[in-house]
Amino acid sequence: KAGVTQTPRYLIKTRGQQVTLSCSPISGHRSVSWYQQTPGQGLQFLFEYFSETQRNKGNFPGRFSGRQFSNSRSEMNVSTLELGDSALYLCASSLALAGNYGETQYFGPGTRLLVL
Amino acid sequence: GNSVTQMEGPVTLSEEAFLTINCTYTATGYPSLFWYVQYPGEGLQLLLKATKADDKGSNKGFEATYRKETTSFHLEKGSVQVSDSAVYFCALSDEAGTALIFGKGTTLSVSS
């Protein structure tokens, strides 16, 4: 079974631009979560989508948004990019809601975003 | 709020040495606990997990026991290899149904 895939793997943008990242979950998985990883803040939860609905949201500004399609694929969008948005963005999928008892999340390789 | 605290790294060991990476947590109720590993340039891979007190998770020679009384989930391996060099993250998922909460990560470097 194929793992979680993310595209693109690397991205360079300039301040003020917007960016869209894509995530394809493991086949059969209905939940997709997004995390931001930076050296200073570590791994921080952005949001989770399940059955095309946002179920949980972390403490990030409204410039960060996402959506999920009927095939469970998910996209994450960041508008008006700032230098501090430079990070590794990780997508994770799970069969059920990520917070369900004992539910395991499986991570993709990430998209490394550099904002200049 | 819920949180995970890991020992500061980096941890530098010689091949075949014993490894312990400490992890303690703060959470209400009975969270599920996880160890993830991140190799250079890659995403996170699940290493092991435990879902209730006194459970022991194990995989690839790594072990961790869910200790409710000490709120700990320390990672151990009896004999590390150079290929174990990576960053290790302890994480929890609480009963309220939130997403994973991660520790800061511990970098392990194993030399031959």
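Worth saying up front: this structure is predicted, and the values here are computed from it rather than measured.

A few words on the interface of chain B and chain A. Accessible area lost upon the coming together of the parts is a frequently used measure of interface size. Taken residue by residue, the interface counts 22 residues in chain B and 20 residues in chain A. Across the interface of chain B and chain A, roughly 1600 Å² is buried in total on both sides, 52% from carbon and sulfur atoms. Taken as a group, Leu44(B), Ala99(B) and Phe102(B) account for 26% of the area that chain B buries against chain A, more than any other trio of residues on that side. For the pair chain B and chain A, the interface holds zero salt bridges. At the boundary of chain B with chain A, the tally comes to four residue pairs in polar contact (both at pLDDT 80 or more). Among the secondary structure elements, those contributing two or more residues to the side of chain B that touches chain A are strand E5 (32-38), strand E6 (44-50) and strand E10 (86-93) of chain B.

For the largest pocket, the calculated volume is near 490 Å³. Lining the largest pocket are 29 residues, and of these Gln37(A), Thr38(A), Pro39(A), Gln38(B) and Phe89(B) lie nearest its centre. Broken down by secondary-structure element, the contributors of at least two residues to the lining of the largest pocket are strand E4 (31-38), strand E9 (87-94) and strand E11 (111-115) of chain A together with E10 and strand E12 (106-111) of chain B. Among the residues forming the lining of the largest pocket, the class breakdown is 12 nonpolar, 12 polar and five charged. Of the voids in this model, the second largest pocket is the one considered here, and its volume is about 210 Å³. Residue lining of the second largest pocket: 15 residues in total, with Phe45(A), Ala99(B), Leu100(B), Ile101(B) and Phe102(B) positioned closest to the centre. Those elements that place two or more of their residues in the lining of the second largest pocket are strand E5 (42-50) and strand E6 (53-57) of chain A together with strand E11 (101-102) of chain B.

Turning next to the pattern of salt bridges. Residues and elements named next belong to chain A. As enumerated under the stated definition, the model contains seven salt bridges over all chains in all. Salt-bridge contacts for Arg-63 lead to Glu-82; the nearest nitrogen and oxygen are separated by 3.6 Å. Of the two residues, Arg-63 sits in the loop between E6 and strand E7 (64-68) while Glu-82 sits in the loop between strand E8 (74-78) and E9, which places them 19 residues apart along the sequence. Put simply, Glu-75 and Arg-67 hold a salt bridge, and the shortest N to O gap is 3.2 Å. Looking at Arg-67, the relative accessible area reads 47%, which means it is partly exposed.

Calculation notes
- Residues numbered from 1 in each chain as written.
- Chains lettered and ligands numbered in written order.
- Predicted model: local features only at pLDDT ≥ 70, side-chain atom pairs only at ≥ 80, totals over all residues.
- Heavy atoms only, no water.
- Contact = heavy atoms within 4.5 Å.
- Buried area = accessible area lost by both parts, 1.4 Å probe.
- Salt bridge = Lys/Arg side-chain N within 4 Å of Asp/Glu carboxyl O.
- Polar contact = N/O pair within 3.5 Å; in protein donor to acceptor, adjacent residues only side chain to side chain.
- Helix = DSSP H or I, 4+ residues; strand = E, 2+ residues; numbered from the N terminus.
- 1 Å grid on protein atoms, 1.4 Å probe; cavity = no way out; pocket = protein on both sides within 12 Å on 5 of 7 lines; lining within 4 Å.
- Points joined across faces, edges and corners; volume = space filled by probe spheres on them.
- Nonpolar A, V, L, I, M, F, W, Y, C, P; charged D, E, K, R; others polar.
- Buried < 20%, exposed > 50% of the residue type's maximum accessible area, 1.4 Å probe, protein only.

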